[in-house]
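Architecture at a glance
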Amino acid sequence: MHKIIFNKSEAVIDDEGAFINSYKIDECNIFFPRQQIDNSSRGGCHVCLPNFGPGGDTDQAQHGYGRKENWQVDSVSSNKIKLSHIQKEGSYNGLISNIRYEINEDSLEMGLSCENRSPKELRITPGFHPYFNLESNFSGVVLVDGKEFLATDLAGTKFYQAERELLADFGDKKVRIRSENLRYYALWTAHADKYVCIEPTLAGNAFSGRNPSNEEILKPGEVKCYNVKISVELSK
């Protein structure tokens, strides 16, 4: 485990799966702390790589292999960590992935780069999967860009197309999520009293039955980068 800190902000990173196990500001849980619930791992945040959602007719599991692999820690500073992974087997043999997590006063930055060292094209539709913590006085409604979403309605996943920035209001905190290329968000929860996931993705459940778009194709020798910044304003 590795802890990164900036003033009153801190995050704990696990190199197994490159998980963010917890993210706090001023002792307030921004992410629901990672734990086992109903025999499933819930909480924190993880990368979805090479695919977000079901693997469709590929050999990939739900949300891909990235969260199941051991990542190499390349560097750690007080508020930043860099990890990498080289896939050495299966249909994604030769995919090199790098993750960067960095926290500052009221923000968390997550960066992913993918390089194709294989001789064939690879389909990449990544995302990040943050679990936003709900306090005991949560109203049951999340405002996303001013639109109301009942947490109890999100068990089936709702998708939301945003511009470069999305604003989510949980009552106890406002969260701004900014990304240039991960703008198709999945809203989901399996425990509407504990967390709501607002997940920035490239193309949602793209592996489920449609042909890939150009932005999903990583050519041999090509590198693509995906960055997300989460900024938090705690309610007074």
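This text follows the structure it describes.
1. What about the sheet that holds strand 11 (residues 107-116)?
Picture the strands of a sheet paired through backbone hydrogen bonds; they go either parallel or antiparallel. Overall, antiparallel pairing links the nine strands, which are arranged 8-9-10-11-23-19-18-15-16 in an open sheet. Strand pairing shows two members of the sheet lacking a second neighbour, strand 8 (72-76) and strand 16 (147-150), which therefore form its edges. Averaged over all pairs of adjacent strands, the angle between strand axes in this sheet comes to 20 degrees, irrespective of strand direction. Relative to strand 23 (residues 223-234), strand 19 (residues 173-178) runs antiparallel, the two being bridged by six bridges. Looking across to strand 23, one finds that R176 is bridged to S231.

2. Describing the nonpolar core
Counting 57 residues, the largest nonpolar core has I20, Y23, Y101 and I198 as its most contacted members. Discounting residues that sit within four places of it in the chain, Y23 has contacts with E10, A11, C28, N29, I30, F31, I103, D106, S107, L108 and V232. Within the second largest apolar cluster, six residues are counted, among which are F32, Y131, Y195 and C197.

3. Thoughts on the pattern of salt bridges
Considering all chains together, one arrives at 11 salt bridges under this definition. The shortest N-O distance in the salt bridge between R100 and E109 comes to 3.4 Å. Relative accessible area serves as the criterion here: at 22%, R100 is assigned to the partly exposed category. E109 sits in the partly exposed class, given a relative accessible area of 21%. Residue R117 pairs with E115 through a salt bridge whose shortest N-O separation is 2.6 Å. Take R117: its relative accessible area is 57%, and that puts it in the exposed class. We classify E115 as partly exposed; its relative accessible area is 21%. Because the salt bridges share partners, they merge into one network encompassing R100, E102 and E109.

4. Notes on the sheet that holds strand 4 (residues 28-29)
The strand order 1-2-3-4 describes an open sheet built from four strands, whose pairing is antiparallel. Across the chains shown, the open sheet's two edge strands, defined by having one partner strand only, are strand 1 (2-6) and strand 4. Here strand 3 (residues 19-25) runs beside strand 4; their pairing, made up of two bridges, is antiparallel. Looking across to strand 4, one finds that K24 is bridged to N29.

What counts and how
Residues numbered from 1 in each chain as written. Predicted model: local features only at pLDDT ≥ 70, side-chain atom pairs only at ≥ 80, totals over all residues. Heavy atoms only, no water. Pairing = 2+ DSSP bridges. Helix = DSSP H or I, 4+ residues; strand = E, 2+ residues; numbered from the N terminus. Axes fitted to C-alpha atoms, helices over the stretch in contact; angles between N-to-C directions. Core = buried A, V, L, I, M, F, W, Y, C linked by side-chain atoms within 4.5 Å. Buried < 20%, exposed > 50% of the residue type's maximum accessible area, 1.4 Å probe, protein only. Contact = heavy atoms within 4.5 Å. Salt bridge = Lys/Arg side-chain N within 4 Å of Asp/Glu carboxyl O.

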